[in-house]
Amino acid sequence: MTEANFQHGGDRVAQALQAHGVRTLFTLCGGHISPILSAARTRGIRIVDVRDEATAVFAADATARLTGIPGVAAVTAGPGITNTITALKNAQLAQSPLLLIGGAAPTALQGRGALQDIDQRPLVAPHVKRFFKIRRVHELGPAVGQAFELAQSGVPGPVFVECPVDLLYDEASIRQWYAEAAGKGTSIPDRLLRFYLGRHVRNMFHGAAAAQPVTARPVVHPRADDAAMRGAVAALSKSGRPLLVIGSQAVVVAGEAKRLADAAGRLGIPVYLSGMARGLLGRDHPLQMRHQRRQALREADCVLLAGVPCDFRLDYGRHVRRSATLLAMNRSTRDARMNRRPDVAAIGDAGLFLQDLARSVSGGARWTAWVNQLRGRDLHREAEIDQQACTLGEHVNPLALLREVEKQAAPDALFVADGGDFVGTASYVLHPRGPLAWLDPGAFGTLGVGAGFALGAAIARPGREVWIVFGDGACGYGLVEFDTFVRHGVPVIALVGNDAGWTQIAREQVKMLHDDVATVLARTDYHAVAAGFGAEGIVVRHQDEVQPALARARELAAQGKAVLVNVWLDKTEFREGSLSM
Ligand SMILES: Cc1ncc(C[n+]2csc(CCOP(=O)(O)OP(=O)(O)O)c2C)c(N)n1
Ligand SMILES: [Mg+2]
C-alpha cells in the first residue's frame, strides 16, 4: 500500500488548503465535516470556530479582501449550508473570492431520507461561480485547487465544494461502514444490495491511491487590450476636468494596492474612493475628495470608473453628465456597460490598467485649477461638519464621537462598517488610514457583516487595531460572536452607535407613512451582553465620557481584549435626505 491509501479524504482537502497558503479555516462544526477540521488542525491550519455559519463566511470574505488569497469556511450539511446563504450572496455581489466547503450526506444515502440531506445545488449554485459536487475521493484535492483558481480568476467570487461525509474518512472505516449497512442476509435483495454497495465503495475510492498532491498555480490577472489604453490616453489628453472613481474591484489584487495608490497619485486626477478602495490614498491626500461627489461627477468632462459599475451608487449612471467621456475599467463586461455604454471599455483588472495608464499620462499641473476647485469645496464641507460636531445635546453627538475616533484610532487601524445612519455618517467623518483598511458589505448592503468581517480582519492582520462601527440594530446580528472573540483571543473594538432604533429606515418611513412601526429599539445594554461573554463592556451616555472611554477601549484592545463601547447617541439631521434604492 502507498501512503495515499492511508490518506483520508478530509486530509486531502486539508492538504490542498495548505498548498494554497491557507492559514485559517473558519467553521462551525458538524459530523459531516469533522475529518476536514481535524486534518486541517493537524496540519497547522488555525481552526476558528464561530457561533453562526454566516460569521464563518463573512470572516472568510474579509480575509480574501485583505490578503487577496481566498478565505475559507467549512460548514456542515443542510442547515449549516442554508445559514451561509446571505453571506455567500454578499460575497458574490462584492466580488470577493472565497471558498466554502460544505458537508453532505453519504453518497449512497442521498435522496433516501438521511439526516440533513437536501439537494444543496439548487440552493447554493445561484450564489457561487461554481458548485463542485464531489463523487470520488481522488477528486477532492483537485477540486479544492480548481476552486481556488476559479475564485480569483476573471470576476472574483465565491466557489462551493460539496464533500459527502463518506469520502472524508479512511477507506477501511468506510468499507466496514458499508459492509455493516449491507448486512449479512442471504436473500436475493440482500445479496444484490451487498453487490451494489461493494461496487459503490470501489467507485468512491477508485484512483485514490494514485492521486498526486495538489499544488497551487499562479493566478493570471486579466488585462485590458491596447486599444483601451490608447482610448484612455486620448480621452485624457482632451480633458480639462477629469475625475477618477476607484472602487472595490480595483483592489482585488491586494498585493498591488500600494503600487495602485502611487499610480493614482502620479496621474494627478482628482479621485473619489469607494468600497474597499477607501483609504487607498491614506488619510489626507491632496487629490482625494470625500464630499459632493455627485456635483463633481456632473461637472467632470471625462469620468474614469475603476472597478465601479453605474449602479444605484452612481444613480444608475445619471450622475455622469451625458456629454462627458466615460471610461469604464472593469473585469466584468456586464459591469462596465451597466446602465450606460462607456466610450472606452477597458475589460480587465482596473488597478493594473491604472498603473499602466499612469506610465503614459502624467497630469502634472494641467488639472491643478480643477483639483483646487474641488478641494476648496471639500474643505468647506469639512468645516461645516466640524461645526455640526460642536452642537451639544443630552447625550452624545455622533459627529463629535466619530471625530474623536478619527483622532484616537491608531495610524494603521482597520474599520469595519455595519449599520445604517451612524455608519453612513462615519463614512464621511472617518478617514481610513491606508489601503485595505475599510471594510463594508458592498452592493448587497447586508446588515450583520460586522462581527465576521472583524474576526477575519483581526486574524488576517494581527497586531492592528480593528474597529467595528456598528449601528445598534446591526450589532444584534453578531453580538454572540463576542464569545468567539474571547475564546480565540481576538481583540476588536466594537463601537455601537446606540440611537435606540433602526434609524435609517425610520427616517424615511416616518416621513412618508407617518408610522414608525418596527423601527423602534431600546437603549439596550449591549455592553453588558459583551461582558456576559467575557469581553469588556463600556457605556457612554454623555459627551464628556467619550474621550476617556475610547482611550480605555484602545488600551484594553492593546492588551488583547475584545471591547464593546455602547454610546447613547443624540438625534442628528446630518443624514437627512440620503436614501438609497
Ligand atoms: C439584513 C438586512 N436587513 C435589513 C436591512 C434594512 N436596513 C438598512 S439600514 C437599516 C437600519 C439599521 O439600523 P442600525 O444598525 O441601528 O443603524 P442606524 O440607521 O440606526 O444608525 C435597516 C434595517 C438591511 N440592509 N439588511
Ligand atoms: Mg440605530
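Every value quoted in this text rests on a predicted model; they were computed, and no experiment measured them. Sequence positions are assigned chain by chain, starting from 1 and proceeding in written order. For naming, the first written chain is A and the first written ligand is 1, with later ones following in the order written. Confidence filtering applies because this is a predicted model: local features only for residues at pLDDT of at least 70, side-chain atom pairs given and counted only at 80 or more, and all residues used for totals across whole chains, interfaces and linings. Side-chain metrics rest on all non-hydrogen atoms present in the structure, leaving aside hydrogens and water.

Caption draft 1: Expanded view of the pattern of salt bridges. Salt bridges are counted wherever a side-chain nitrogen of Lys or Arg sits within 4 Å of a carboxyl oxygen of Asp or Glu. Taken as a whole and judged by the stated rule, the model has 29 salt bridges. The shortest N-O distance in the salt bridge between Arg283 and Glu406 comes to 3.1 Å. Of this pair, Arg283 sits in the loop between strand E8 (271-273) and helix H13 (293-299) while Glu406 sits in helix H17 (residues 398-408); the two residues are 123 residues apart in sequence, bridging distant segments of the chain. A relative accessible area of 30% places Arg283 in the partly exposed class. Each member of the salt-bridge network shares a partner with another, and the members are Asp49, Arg51, Asp483 and Arg487. Note on conventions: DSSP H or I runs of at least 4 residues are helices, E runs of at least 2 residues are strands, and numbering of each starts at the N terminus. Three labels apply to residues, based on accessible area from a 1.4 Å probe with only protein chains included: buried if under 20% of the type maximum, exposed if over 50%, partly exposed otherwise in between.

Caption draft 2: Broad picture of the layout of surface pockets. Only protein atoms enter the 1 Å grid used here. Points where a 1.4 Å probe fits but cannot escape make up a cavity, open sets with protein on both sides within 12 Å along at least five of seven lines make up a pocket, and a residue lines them when an atom lies within 4 Å of a point. Grid points are joined across faces, edges and corners, and a volume is the space filled by probe spheres set on the points. Put simply, the second largest pocket is a space of about 410 Å³. Listing elements by their share of the lining of the second largest pocket, those giving two or more residues are helix H18 (421-429) and helix H22 (503-513). Residues are sorted three ways: Asp, Glu, Lys and Arg are charged, Ala, Val, Leu, Ile, Met, Phe, Trp, Tyr, Cys and Pro are nonpolar, and all the rest, Gly among them, are polar. Across the lining of the second largest pocket, the residue classes tally to 8 nonpolar, 5 polar and 9 charged.

Caption draft 3: Broad picture of helix H2 (residues 9-19). For H2, the tally of buried residues reaches 8 of 11 residues, placing the bulk of the element in the interior. Inspection of H2 places Gly9, Gly10, Asp11, Arg12, Val13, Ala14, Ala16 and Leu17 among the buried residues, and these make up the whole buried set. Positive phi appears at Gly21, one or two residues downstream of H2, with a value of about 80 degrees.

Caption draft 4: Examining the site of ligand 1 more closely. A single heavy atom is enough: if one lies within 4 Å of a molecule or strand, its residue is considered near that molecule or strand. Taken together, the neighbourhood of ligand 1 is formed by 17 residues, with Asp421, Gly445, Asp472, Gly473 and Gly501 sitting nearest. One of the backbone nitrogen or oxygen atoms of Gly501 is found 2.8 Å away from an oxygen atom of ligand 1. Pairing of N or O atoms within 3.5 Å defines a polar contact, subject to two protein rules: one partner must be a possible hydrogen donor and the other a possible acceptor, and residues neighboring in sequence count only if both atoms are side-chain atoms. In this structure, Thr503 approaches ligand 1 through a main-chain N or O atom, which is 2.9 Å from an oxygen atom. At the level of secondary structure, the elements contributing two or more residues to the shell around ligand 1 comprise H18, helix H20 (472-478) and H22. Considering each element in turn, the shell around ligand 1 owes the most residues, 4 residues, to H20. Counted by class, the shell around ligand 1 contains 6 nonpolar, 8 polar and 3 charged residues.

Caption draft 5: Representation of the coordination of the magnesium ion (ligand 2) in the model. Coordinating N, O and S atoms are those within 2.8 Å of the metal (3.2 Å for Na, K and Ca), and as water is not part of the atoms, a site may appear to have fewer donors than expected. Looking at the metal site, the magnesium ion (ligand 2) is ligated by Asp472 (OD), Asp499 (OD) and Gly501 (O), spaced 2.0 to 2.1 Å from it. Sequence spacing among the residues donating to the magnesium ion (ligand 2) works out to D-x26-D-x1-G. What makes Asp499 buried here is its relative accessible area of 17%. Residue class for Gly501 comes out buried when judged on its relative accessible area of 7%.

Caption draft 6: Just the sheet that holds strand E14 (residues 466-471), in detail. Across the sheet, 6 strands lie side by side as E13-E12-E14-E15-E17-E16; this open sheet has parallel pairing. Edge positions in the sheet fall to strand E13 (438-439) and strand E16 (536-540), since each has one partner strand and no second. Should any heavy atoms of two residues lie within 4.5 Å, those residues are counted as being in contact. A fitted line through C-alpha atoms serves as each axis, taken over the contacting stretch for helices, and the angle formed by two N-to-C directions is quoted from 0 to 180°. Strands in contact with helix H24 (residues 546-558) are E14, strand E15 (493-498), E16 and strand E17 (563-568); relative to E16, the strand with the most contacts, it is inclined by about 170 degrees. Two strands are said to pair when DSSP picks up at least two bridges between them.

Read these as geometric descriptors, not functional statements.
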